[in-house]
Amino acid sequence: MWCVGRTAFSGLLVLLPLLCPLPHTVEGSDPAPFIRNTANAPRAFREGEDILLTCVVADLGNHTVWWSKHEDGRKTILTVAERSITNDNRVSILHDRAPSYNTSIIRSGGDVWVLVIKNAKVTDKGVYVCEINSNPSLTSLYMVTVGSGNATDGVTTALRSAHNYTSCCIENGVQPQCLGFCAIHNILEGKTGIDPEACETHFPLIVKCMADLRNHVPCCERERVPDICQDLCRGEYTTQDDNIQSHFSCTAYTEVTLMCISEGVEILPMSPESPSVDVLGPTSIDVTWDHPHPGTPPPEYYVINVTTITKFDPPEDVTGVTSTDVGGLDTHDDHLYLPKRLQVKVSASQTHATIKNLSPLTWYEVSVVSVNRHGSSLPQYNLRVLTETVSLNKTETVHPELPDIVSCCSEKGVKHYRCLRNLCDPSNKYISEPDMIVCAPWATEAFSCLANDYDHSDCCKERGLPPLCVELCTGNVTKIDYKYFRCVDYFNDYRSCLLKGYNVLPGAPGKVSITNTNPTFVLLHWAAPTLLGDSVTAYHAYFRPIQPSRECAAKWFINNMEVSYHGVYTDKSPYVLENLCPDTEYEVYVQAVNKHGTGDPSERVLFRTPSEARVQRLQDNAYNVTECCRSVNLSPGCMPLCDYNARMSHVRALVVTCTNELTSLLRCAVGGRNHMPCCQRRGVPNACSALCSGSFNSNNATPTVCMPYIGNIMMCLEEGVDLLPAPVSRLHATKVGAGQVTLIWQAPDNGPNVTQYQLHYQSVDKHSASKAVFALNNVRIASASGHNIGR
């Protein structure tokens, strides 16, 4: 149940202060206290107004409620129970006690504690916390802003709660009953009109619309939000399910994340609309886009990112090379090498830019973002284009009909019926080796007529024909022997280049875009080609998953993870691409078809489908945590915990039962690695960080206190055994002398390669208590090539 244990904003559910059922209690026991989570909702007030913050609790028992203010790292207690303990006489508490017989506290108004601050001042802004002194303590947070009352200072505060993204939700297929979540003020006021669980499948789309294609990550990074807690900053949603790694806690960062989003949607620019790319020649492309939607913060400039793709799936790491001038880079400089990234800064008044000095016959990935002084947008999607070859010889005259190649062959002396019918007919889709053998005596005449006085070799090179077969594309063939027979396999591409050279094929469709992105389908749009667009009879769309999961590969009947394109025909735009895999990146392009054949492909658009249940799994690594647990004789009943992807229901059920074995379990889970840096980076509090190095004290309440962070910890452990070196073995002294000892050890036999060793040591006596190895105060470094050290 999401109302229990969902203390993170790992999904949108943390944003929803709606009606959760009271915690289940065991009959005959005292019920645990409960506090309604406000999800750190921003509360906007004007100077001079009274600040009223409402905290609803249940089953308080002998515990106490107090209010405090957190600002600049300081905590100031304001009230305890019904008493104000601050010198500020504007602060008071209102308490509406719930009737003792009320069993539905939340639904009827309940036990309410209201913090009152009269005559608000600008300095009253900050984070206010309502807290129950239970163990662990329960809190509800409120982010308060106070405007000075004039139009300028009050704009941002007023608009924060007015962010309405309903139209975006409708466009992306959110069901009508869930549209209440598509306005921030509904969420803050609990007026969504439906239980959150009923709409959880739509939360990826809702969160994407909430972020509004603004890049809130820099703000979140400035506020030190850990990387695993930045999903909302990117407009993404992580579903919590029974997988242990989905139960990570980001409670401590909810306030700053909501602050970044609520501010970002008001000050960051929107993404440019409908980006597209046209190839102008071998070394240049033209990038076009539309200005962002009016009424939103305008961009101060645009940035075009152009990345060379040297390996298609996925692109290799790129060398950061930046240019601020339209016109690109000189790729002939010796110090520049592929792959590289080019950034082009464009004035906010422009909606297109020509990128020059690119490499011929090279794939590029292109995206466009808006930028202002506060930050940037996210790209709508990425595009991929292939530049042309050098010396492409185009003719300006368009011939709507095919040339009469058969008559040309006949006039030049080709009399064999088989050659006239098969080889000299460019509309013939099939040709065999016997055809090449029979027609070899008329090779010069046949291929000269097929070329129609035009050199098609550049197109043939683009289509990947071998150099020998490219000779056929020139039209200058004097002799056909057995070596050319292999070209039969490329004849469809050769024929396509002939038709392109005859200028009877339509051009590439333009403005390819993706909307209505859902886990299993998207809406594909394009514009008719400018060249012979009126002749188009159909469109052929090709799409494929990039690096699909095994489940996705099985769904697409892909063998050995080799991904091929799926093609669909349609007569018009838009088209619904269906049966896609969730949480998968796809590539799609469109070709126009007329009665003569298929034209050039459009630019390639990359998009990602949202996940239905985003579960982060790493590839199998050499370390086997389950085998370790078996080797230390972990009880069979506790073995379900010995899994980096354990079920959270097992953890809750077994954590008490298996307390006596948690030390062995943790040692196996950490795999002899120090995962504490990762845990610190991912927001694990200091009280729980010992778990990341395999330490556990059964005399304290560590499992209970750290339960909200179990997902953070388990992700670090699984990543660490794949990235960090394994421990050495057989460490022992072989020689002991005066002031010197020689140690020897065995290098790890699995895991990542070791680059060096650290030996930690210090002087002790027989009465000294044992210390953790990382607390020893002397360190020696040894080369990875040598497994001993003397001192």
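The structure under discussion appears in the preceding block.
Conventions we followed
- Every residue gets a number counted from 1 within its own chain, in the order that chain's sequence is written.
- With pLDDT at 70 or above as the cut-off, local features in this predicted model cover only qualifying residues; side-chain atom pairs require 80 or more to be listed or tallied, and sums for whole chains, interfaces and linings still use all residues.
- Heavy atoms from the whole structure form the basis of all side-chain values; hydrogens and water molecules are not counted.
- When DSSP finds two or more bridges between a pair of strands, those strands are recorded as paired.
- Secondary structure elements are taken from DSSP: a helix is a run of H or I of four residues or more, a strand is a run of E of two residues or more, and numbering for both begins at the N terminus.
- Structural elements are reduced to axes, namely lines fitted to C-alpha atoms, with helices fitted over the stretch in contact, and the angle between N-to-C directions of any two is expressed from 0 to 180 degrees.
- Whenever a carboxyl oxygen of Asp or Glu lies within 4 Å of a side-chain nitrogen of Lys or Arg, that contact is scored as a salt bridge.
- When a residue's accessible area, from a 1.4 Å probe over protein chains only, is under 20% of the maximum for its type it is buried; when over 50% it is exposed; and in between it is partly exposed.

### Structural notes on the sheet that holds strand S24 (residues 575-577)
Consideration 1: Spatial strand order, S20-S21-S24: 3 strands in an open sheet with antiparallel pairing. Every interior strand has two partners, whereas the edge strands, strand S20 (510-515) and S24, have only one. Averaged over all neighbouring strand pairs, the angle between strand axes comes to 25°, with direction disregarded.
Consideration 2: As paired strands, strand S21 (residues 522-527) and S24 are joined by 3 bridges and run antiparallel to one another. The residue of S24 that forms the bridge with Leu524 is Tyr575.

### Observations concerning the pattern of salt bridges
Pairing between side chains of opposite charge can happen when the charged atoms of each approach one another.
Consideration 1: For the structure shown, the criterion picks out 15 salt bridges.
Consideration 2: As a salt-bridge pair, Asp88 and Arg90 come within 2.9 Å of each other at their nearest N and O atoms.
Consideration 3: Residue Asp88 is classed as partly exposed on the basis of its relative accessible area, which comes to 27%.
Consideration 4: Between Asp124 and Arg90 there is a salt bridge, and its shortest N-O distance comes to 2.9 Å. Taken together, the residues Asp124 in the loop between strand S8 (111-117) and strand S9 (126-132) and Arg90 in the loop between strand S6 (83-84) and strand S7 (91-96) connect sequence positions 34 residues apart. Taken as a pair, Asp124 and Arg90 share a single burial class, namely buried.
Consideration 5: Ionic contacts of the salt-bridge type, sharing partners, join the residues Glu365, Arg384, Arg544, Glu587 and Arg604 into one network.

### Some thoughts on the sheet that holds strand S12 (residues 285-290)
Consideration 1: Read across the sheet, 3 strands follow the order S11-S12-S16 without closing on themselves; strand pairing throughout is antiparallel. Sheet topology places strand S11 (273-279) and strand S16 (352-355) at the edges, where each strand pairs with a single neighbour. Pairwise comparison of adjacent strand axes, ignoring direction, gives a mean angle of 15° for this sheet.
Consideration 2: Two elements, S11 and S12, share 5 bridges in a ladder whose sense is antiparallel. Paired with Glu273 across the strands is Asp290, a residue of S12.

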